[in-house]
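These are the residues of each chain, in order.
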Amino acid sequence: MNFALNIQGSPHTSNSLWSALNFAQACLREGHRIHRVFFYHDAVLVANTLLAPPQDEMNLTTAWQTLGQDYNLDLCLCVASCLRRGILNDSEAQRFEKTTSNLAAGFNISGLGQLIEASLVSDRVISFGA
Amino acid sequence: MTQLLFILSHPPGSSIYAQEAFDAALAGSAFSNIAILFVGAGCLQLIEPKLAVEAHQRKDFQRGFRALPDYDVHDVYGCEDSFKQFGLHNQTLVIQPTLLTRVDISAHLNAAQRVLCF
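Rules behind the numbers
Residues numbered from 1 in each chain as written. Chains lettered and ligands numbered in written order. Predicted model: local features only at pLDDT ≥ 70, side-chain atom pairs only at ≥ 80, totals over all residues. Helix = DSSP H or I, 4+ residues; strand = E, 2+ residues; numbered from the N terminus. Rg over C-alpha atoms; globule rule 2.2 N^0.38 Å. Buried ≥ 20, exposed ≤ 12 C-beta atoms within 10 Å, placed from the backbone. Contact = placed C-beta atoms within 7 Å. Pairing = 2+ DSSP bridges. Axes fitted to C-alpha atoms, helices over the stretch in contact; angles between N-to-C directions. Parallel < 35°, antiparallel > 145°, perpendicular 65-115°, else oblique. Left-handed = near helix turned anticlockwise from the far one by under 90°. pLDDT = per-residue confidence, 0-100. Core = buried A, V, L, I, M, F, W, Y, C linked by C-beta atoms within 7 Å. Nonpolar A, V, L, I, M, F, W, Y, C, P; charged D, E, K, R; others polar.

For chain A, the count of helices and strands is five helices and five strands. Along the chain direction, N to C, the helices and strands of chain A fall in the order β-α-β-α-β-α-α-β-α-β. Over its C-alpha atoms chain A spans a radius of gyration of 14 Å, differing by no more than 12% from the 14 Å that the globule rule assigns to 130 residues. Overall, the C-alpha framework of chain A stretches about 45 × 35 × 25 Å when taken along its three principal axes. Here chain A, with 130 residues, has 41% of them falling under the buried criterion. The long-range fraction of contacts in chain A, counting pairs at least 24 apart against all pairs at least 6 apart in sequence, stands at 76%.

The next thing to look at is the overall build of chain B. Helix and strand counts for chain B come out as four helices and five strands. Ordered by position from N to C terminus, the α and β elements of chain B give β-α-β-α-β-α-β-α-β. Its C-alpha atoms give chain B a radius of gyration of 14 Å, near enough to 13 Å, the size a compact globule of 118 residues would have. When its C-alpha atoms are laid out on the principal axes, chain B stretches across 40 × 30 × 20 Å.

It is worth spelling out the sheet that holds strand E3 (residues 75–78) of chain A at this point. Hydrogen bonds between backbone groups are what pair the strands of a sheet, and the pairing can be parallel or antiparallel. Residues and elements named next belong to chain A. Taking strand neighbours across the sheet as the criterion, the five strands line up as E4-E3-E2-E1-E5 in an open arrangement whose pairing is parallel. Two strands in the sheet have a free side with no partner beyond their single neighbour: strand E4 (107–110) and strand E5 (124–128). Here the average twist between neighbouring strands, direction ignored, is 25°. As defined by bridge partners, E3 adjoins E4 across four bridges and the pair is classed as parallel. When the bridges of E4 are listed, leucine 77 appears paired with isoleucine 109.

A separate point is the sheet that holds strand E4 (residues 98–100) of chain B. All names here are of chain B. Taking strand neighbours across the sheet as the criterion, the five strands line up as E4-E3-E2-E1-E5 in an open arrangement whose pairing is parallel. Of all the strands in the sheet, the pair left with one neighbour each is E4 and strand E5 (114–117). The average angle at which neighbouring strand axes cross in this sheet is 25°, direction not considered. Taken together, the four bridges between strand E2 (residues 34–38) and strand E3 (residues 75–79) define a ladder with parallel strand orientation. In the strand pairing of E3, isoleucine 36 is matched with valine 76.

Residue and element names in this part refer to chain A. Between helix H1 (residues 16–29) and helix H2 (residues 60–71), the shortest axis-to-axis distance is 11 Å and the interhelical angle comes to 20°. One finds that H1 runs roughly parallel with respect to H2. Where H1 crosses over H2, the handedness of that crossing is left-handed. Across the interface between the two elements, Leu17, Trp18, Leu21, Ala24, Gln25 and Leu28 from H1 touch Leu60, Ala63, Trp64, Leu67 and Tyr71 from H2.

Overall, the prediction assigns chain B a mean pLDDT of 94, with 100% of residues at 70 or greater. Model confidence for the complex is summarised by a pTM of 0.94, with the ipTM given as 0.92.

What follows covers the nonpolar core. Residues Leu5(A), Ile7(A), Val37(A), Phe38(A), Phe39(A), Leu77(A) and Phe6(B) are the most contacted members of the largest nonpolar core, which totals 65 residues. In terms of residue count, the dominant contributor to this core is helix H1 (residues 17–31) of chain B (seven residues). Those residues in contact with Leu77(A), other than ones at most four positions away along the chain, are Phe39(A), Val44(A), Ala47(A), Cys82(A), Ile87(A), Phe107(A), Asn108(A) and Ile109(A).

One non-glycine residue, Glu97(A), lies in the positive phi region at around 55°. You will see that Asp72(B), though not glycine, has its phi angle at about 65°, which is positive. Mapped onto the secondary structure, Asp72(B) falls in the loop between helix H2 (53–56) and E3.

Attention now moves to the interface of chain B and chain A. By a widespread convention, an interface's size corresponds to the accessible area lost as its parts come together. Taken together, the contacts link 14 residues of chain B with 16 residues of chain A. Where the side of chain B that touches chain A is concerned, the elements lending two or more residues are H1 and E5 of chain B. The element that contributes the greatest number of residues to the side of chain B that touches chain A is H1(B), accounting for seven residues. Taken together, the residues of the side of chain B that touches chain A sort by class into eight nonpolar, three polar and three charged.

Spelled out as structure tokens, the structure:
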């Protein structure tokens, strides 16, 4: 089966990204496909490369990066959610004249159309709420 | 035929989630035939905003609900039980959704091609 994931919860105040990670790992292990992982609302905060959690705690950013790399996943963030929350790639940082960008490698920033497209072409869309 | 059913469950005001969820529904309306269902505290979004924007410095995105027909969105539903729970029957609403029982909601969930929860 082909899945689309719609993840919304913050890495700090919600279990959403962790649940979605486990779901994605189980899906892929069983031979299913994931058309796209879409990060919305506070879930985009997971793509902040400046996050530095203690070493003995779960690092959700690297966990998603590793899964994305292993299975060549499209890890797509909503641009409007990102700009509100200060997640910027190089071109957005330049556009808003910020001193730095902070988008972690392996993630890409795009629009809500990507969530809609993924929902329409996949067999199932699974939402992990905020 | 509803291609995408958007379920909106966040209350307005306490977070940006309700506003962003409405943005997602509008994006969906550009690409497909959508329906919107307000459930739980999400129904509170339908109350006509009473405070001036200057008083709370948030966008009154709910006024955009009135423009839904312009986006070709005609199927707007509300959970009847939630309306009772939050006492919304006597409130002035931005728009009046079609109220659904739990049985009706199940039928709509089954009939929609995809369901997106916010």
